[in-house]
Amino acid sequence: MSSIPSAKGIDSTLALLRNPYEFIPDTCRDLEGDLFETRILFQKTICMTGAAAAEVFYSEDGLVRAGSMPKRIQRTLLGEKGIQGLDGEAHRHRKRMFMSLMASERIEALENTTRDLLDRYARDWQAAEKVVLYDEVREILTRAACAWSGVPLPEAEVETRTAQMTALFQDAGAVGWKHWGARLARHRAERWTAGIIERLRDGSLQTGQESAAHVVATWRDLNGELLTSKVAAVELLNVVRPIVAVSAFIAQAAHALHRHPEWRQKLKDDEGQLEPFVQEVRRLYPFFPAVAARVKSDFEWRGYRFSKGYRVLLDLYGTNTDARSWDAPQEFRPERFHDREVTPYDFIPQGGGDQHRNHRCPGEWIAISQMKAFCSFFVNAIDYEVPDQDLDLETEELPPMPKSRFIMRNVRRRQ
Ligand code: HEM
């Protein structure tokens, strides 16, 4: 058995923080392989990239999620004791709860809610001197996510809840005061959703049976017990927060439309082009750099030993832009999706494998439908100007947003 190649230096935490999307693929390329060993946050870690690595990451029984996430990510982005840290039957059972929310008519209902909100917001955009798109979309999606999930959102709370949801996904990986802000946001947001769960359970609040809040409040775990209100609060946020996070993909899609204006006409002429366009945005624009697991029992892959206790990081962005799977991987070419079937392992912006059995994101269809709805609105329903601004992606942020947050001017409804 060979030993896994090692990265330079004793600990790679800083190198990863400095270069979250390139560190794993670049190091793999330097070492001429799919994996290497290092320490991250002082822990022995195996970093892997590419479709073959994704396949072993999602199919190897020796890999588990319990104890794989750094505490700082649990205390901000994910919360504690939610689905992300479950394994085996407990995970599959909880996953059924999330998958039960993803029927196509429910995804369409969310899309319709967003379209109505877009109509309303666009009226104000016409009168505004400028529109900071990312901020507007975050607010629209907070309203849509709450309405769809059966979470009451009084008008006076829209701004606060939007800021809290944003802090959870945008400042989770930050250091210093932003990180502490995200922890405070998690604390307040969980108190909020726990209150909703408790009110649904004691009957003082009612919501549709199909709504996420109702499903989570009444879900029974494998032992037949209701989730504790703390865990239910985390799981309800596992629906609302990521719907708001789709705003990042939407700002990135607006950026892509601006940088590749020939696609405006193509999307206008043919609705069928919307899907390849948003898939290419999800492939090429960085979002979450990697996902983590832990080796529960020793196993071997390609002659390398994965020893018990190691953390394993699978590179998402590098896999989506791996030249072994994708021609001209850094070029924005939506047409590549016309005749290319993706596999569960080579296109993994929201994780890989199978949604039911693995930890793959259950919200991919929501992300795609929301992105399509917004792109269709940008090309068919409004005209706008994009004034001079700094559209470079802010690489110090996760996910990297256009520095200006994408400003539009002179928005006009078409009709
Ligand atoms: C899991 C990304 C939208 C709910 C994940 C994972 C990633 C991801 C990378 C982890 C996969 C893994 O651990 O193997 C994203 C991105 C989104 C998005 C980039 C778009 C902005 C959504 C939406 C929802 C959602 C809209 C729900 C409405 C979840 C849940 C999990 C998850 C519950 C945990 C699944 C599990 O552990 O089995 N997502 N997601 N996500 N996502 Fe998403």
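Structural data are supplied above this passage.
About the criteria used
- Residues numbered from 1 in each chain as written.
- Predicted model: local features only at pLDDT ≥ 70, side-chain atom pairs only at ≥ 80, totals over all residues.
- Heavy atoms only, no water.
- Salt bridge = Lys/Arg side-chain N within 4 Å of Asp/Glu carboxyl O.
- Helix = DSSP H or I, 4+ residues; strand = E, 2+ residues; numbered from the N terminus.
- Buried < 20%, exposed > 50% of the residue type's maximum accessible area, 1.4 Å probe, protein only.
- Donors = N, O, S within 2.8 Å, 3.2 Å for Na, K, Ca; no water.
- Phe/Tyr/Trp six-rings, centres within 6.5 Å; stacked < 30°, edge-to-face > 60°.
- Lys NZ or Arg CZ within 6 Å of the ring centre and 35° of its normal.
- Pairing = 2+ DSSP bridges.

S.K.: Requested: an account of the pattern of salt bridges, with residues and values cited.
M.R.: Taken as a whole and assessed by the stated rule, the structure comprises 26 salt bridges. With a shortest N-O distance of 2.6 Å, aspartate 34 and arginine 324 are connected by a salt bridge. Here arginine 324 lies in the loop between α14 (316-320) and α15 (364-380) and aspartate 34 lies in the loop between α2 (23-31) and β1 (35-40), a separation of 290 residues in the sequence. Given the relative accessible area of 8%, aspartate 34 is considered buried. A salt bridge links arginine 96 to glutamate 89; its shortest N-O distance comes to 3.5 Å. A relative accessible area of 44% places arginine 96 in the partly exposed class. Of the residues examined, glutamate 89 reaches a relative accessible area of 37% and is grouped as partly exposed.

S.K.: Lay out the coordination of the iron atom of the ligand in plain terms, naming residues and giving numbers.
M.R.: Within the protein, a single donor atom binds the iron atom of the ligand, namely Cys361 (SG) at 2.3 Å. Relative to the assigned elements, cysteine 361 resides in the loop between α14 and α15.

S.K.: Hey, could you go over the packing of aromatic side chains for me, with residue numbers and the actual values?
M.R.: In the structure shown here, the tally under the stated rule is 14 aromatic pairs. With a centroid separation of 5.4 Å and 75 degrees between ring planes, the pair formed by phenylalanine 277 and phenylalanine 332 is classed as edge-to-face. Residue phenylalanine 277 is found in helix α13 (residues 274-284), and its partner phenylalanine 332 is found in the loop between α14 and α15; the two are separated by 55 residues along the sequence. Judged by relative accessible area, which is 0%, phenylalanine 277 ranks as buried. Centroid distance tryptophan 326 to phenylalanine 347: 6.1 Å. Interplanar angle 65 degrees. Geometry classified as edge-to-face. Note that tryptophan 326 is positioned in the loop between α14 and α15 and phenylalanine 347 in the loop between α14 and α15, a separation of 21 residues in sequence. Phenylalanine 347 shares its class with tryptophan 326; the two are buried. Each member of the aromatic cluster is reached from another via a ring pair, and the members are Phe249, Phe287 and Phe288. Directly above the aromatic system of tyrosine 134 lies the positively charged group of arginine 138, at a separation of 5.0 Å from the ring centroid. The cationic tip of lysine 266 hangs over the ring face of tryptophan 263; the distance from NZ or CZ to the ring centre is 4.3 Å.

S.K.: An account of the environment of leucine 391 is requested, with residue identities and associated values reported.
M.R.: In this structure, leucine 391 sits in the loop between β9 (382-385) and β10 (407-413). Here leucine 391 falls in the buried class, since its relative accessible area comes to 6%. Once the C-alpha coordinates of leucine 391 and methionine 401 are considered, the two residues, 10 residues apart in sequence, prove to be 8.4 Å apart.

S.K.: Which residues make up the pairing of β10, and what values do they have?
M.R.: As judged from the two bridges shared by strand β4 (residues 131-132) and β10, these two strands associate in the antiparallel manner. The residue of β10 that forms the bridge with valine 131 is methionine 408. One ladder, built from three bridges, connects β9 with β10; its direction is antiparallel. From the neighbouring strand, isoleucine 382 faces β10, where its bridge partner is arginine 413.

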